[in-house]
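Reading the structure
For reference, the chains in residue letters:
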Amino acid sequence: MCVLKEEAYACTIFGDNRKCRYEEFLGKPLLSNLGGSLKIYGFSIFSSHLDDQKNSNLVALEADAFARMNKLKLLQLNCVHISGPYKKFPKGLRWLCWRGFPLKSIPSDFPLESLVALDMQYSRLKNVWEGTKFLWFLKILNLSHSYSLAKTPDVSKLPNLERLVLKSCTSLVQVHESIGSLERLVLLNLEDCKNLRNLPRSICMLKHLETLVISGCSNLDKLPTNMGNMESLTVLKVDGIALNQSLPTNGQVNAKQYFIWPWRLKPRESLEISWPSLPRSLVELSLANCNLSEDDFPTELSNLCSLKKLDLSHNQFHSLPDCIRGLTKLENFNIRSCPRLCKLDGIPRLCRLICGDNRLLEEISFQIPHHPTTTCHLNASNHLEAMRAFKLEYIGNVEAEIVNNLGLSNLQSMGNLTVKLTSWFGMQQRGFPLQVLSLSLSSVCVCDA
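What this report covers is the structure whose coordinates are included nearby. Keep in mind that what you see is a predicted model, and the values were worked out from it rather than measured.

Counted under the stated rule, the structure contains 10 aromatic pairs. Plain terms: the ring middles of Y86 and W98 are 6.4 Å apart, the flat faces sit at 40° to each other, and that makes the pair tilted. Taken together, the residues Y86 in the loop between strand 7 (80-83) and strand 8 (95-99) and W98 in strand 8 connect sequence positions 12 residues apart. Exposure class is identical for Y86 and W98. Each is buried. Judged by centre distance (6.4 Å) and plane angle (10°), the rings of F89 and W98 are stacked. Residue F89 is classed as buried on the basis of its relative accessible area of 2%. W98 sits in the buried class, given a relative accessible area of 0%. An aromatic cluster is present here, built from F66, Y86, F89, W98, F101 and F110 joined pairwise through their rings.

With that out of the way, let us pick up the nonpolar core. Ranked by internal contacts, the top residues of the largest apolar core, which has 96 residues, are W98 and L190. Secondary structure elements with two or more residues in this core: strand 5 (59-62), strand 6 (74-78), strand 7, strand 8, strand 18 (343-347) and strand 20 (363-366). Not counting residues within four places of it along the chain, the set of residues in contact with L190 comprises L166, L172, V175, L196, L199, V213, I214, S215 and C217.

Of the two faces of strand 5, the one lined by V59 and L61 is fully buried and the one lined by A60 and E62 carries no buried residue. Strand direction decides the pairing type here: strand 5 and strand 7, joined by four bridges, are parallel. Bridged to L61 within strand 7 is I82.

With that out of the way, let us pick up the environment of S302. Here S302 lies in the loop between strand 15 (284-286) and strand 16 (309-311). S302 sits 22 residues away from I324 along the chain, and the two C-alpha atoms are 6.5 Å apart. For S302, the contacting residues outside a window of four places in its chain are C323 and L327.

Attention now moves to the pattern of salt bridges. Taken as a whole and judged by the stated rule, the model has eight salt bridges. Ionic pairing is found between K88 and D64, a salt bridge with its closest N-O pair at 2.8 Å. Here the residue K88 occupies a position in the loop between strand 7 and strand 8, and D64 occupies one in the loop between strand 5 and strand 6, the gap between them amounting to 24 residues.

Let us now look at the side chain of N142. Note on placement: N142 falls in strand 10 (residues 140-142). A polar contact of 2.8 Å, which involves the side chain of N142, links it to the side chain of S144. Dropping the residues within four chain positions of it, N142 is found in contact with L118, D119, M120, Q121 and V165.

Cut-off values and rules
- Position numbers for residues start from 1 in each chain and track the written sequence from start to end.
- Residue-level local features of this predicted model are given only where pLDDT is at least 70; pairs of side-chain atoms are given and counted only at 80 or more, and the full residue set underlies all totals for whole chains, interfaces and linings.
- By convention in this description, side-chain values take in all heavy atoms of the structure and omit both hydrogens and water.
- Any pair of Phe, Tyr and Trp rings, taking the six-membered ring for Trp, is counted once the centres come within 6.5 Å. Such a pair is stacked with planes under 30 degrees apart, edge-to-face with planes over 60 apart, and tilted for the rest.
- Note on conventions: DSSP H or I runs of at least 4 residues are helices, E runs of at least 2 residues are strands, and numbering of each starts at the N terminus.
- Each residue is assigned to one of three classes by its accessible area relative to the maximum for its type, calculated with a 1.4 Å probe on protein chains only: buried under 20%, partly exposed between the two thresholds, exposed over 50%.
- Residues belong to one nonpolar core when they are buried, are Ala, Val, Leu, Ile, Met, Phe, Trp, Tyr or Cys, and are joined through side-chain atoms within 4.5 Å.
- Pairs of residues are marked as contacts when any of their non-hydrogen atoms sit within 4.5 Å.
- For two strands to be treated as a pair, DSSP must find no fewer than two bridges joining them.
- Each reported salt bridge corresponds to a side-chain nitrogen of Lys or Arg within 4 Å of a carboxyl oxygen of Asp or Glu.
- Pairs of N or O atoms within 3.5 Å make up the polar contacts considered here, provided that, within protein, one atom can donate a hydrogen while the other can accept it, and that residues adjacent in sequence are counted only when both atoms are side-chain atoms.

Pasting the structure below:
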């Protein structure tokens, strides 16, 4: 593979040890001559950073430069502007990664027919292409971070598309109805498409879709009611979307506050989900940061008999929702950073429990005590007891014999003992009272700061 890469604004061409300045390289006919002298299968040009896409920072090339690269299969461009007729581009391209694509639409003469993967992240596209394109070989289409993209293209003639990624397309308001014709689609990622209001009903026709990500789609009104027909769906991520109508977190409305900030006290619009219609094939469900509490938690979730991984972190639970106890196949349960959580009782048998950063959590109990493979990720600052497995308590409450065995017989003379723990995230240091962990041999405990 012959590759052209930016390295301190210099380029290296394999087969030639000579380095030349980027500007000098672009000014010579070397680029077009490569096609006649080398069998090039891969080629890449890197320009300015993706977050700095001003026209003055784009590298300008002529389409003629690629005219003789007949064997080119892989092409990567970053923030490059190419002028001239695109019909001269190599027609055998299989993988095109053109990040920061500068045009509002892909030109009609651009040869896309042989592509298997098209990656145009951070593009300026408003419409991907006009009308329809018959792209038999295309399997991957990634338009993530295309902030001007208003609607997805007609994909009815992309019969083999498997992965459609539209992450952070913040202007996206419409997903084309033709998406239901993608019989081989396995992944649809719409994360952080904040202006998307609804999904087409035809999405329920995707019989082979395995992963649907709508996390961060905060303006999404509802999900289609026939999602139960999506018999292959195993992963559903709905993080960061309010799933209930809520006032401020303390539940109280002050008349003075309402007069000053009336818009902040109005109930937020919430995503409408027909929980009973969710496919029972789901293996992973993520509902992190959805403003959920045990009172409004959907009881129908207990019908998800295949669920193995559940993320309920960053919610408003006081205790474990009842329906969780019925998820007998659950293996991985994340309920960290729930500021009101006091206890977790009747947890089903798990392989991994993540419950760190819960300042009020004091008690954990399992349906089947002494499960030998459970790993618990906890917060070391709590007075915490897990029934029949381990107990974390302040050293002043521990039996004197145990304290003596630790070599701390003069505990009272030591004053207030604290332990300084440093978080690797942000390198923040905090002090905690010294505590003792009593641990049975049948469980494993990992204490996080």
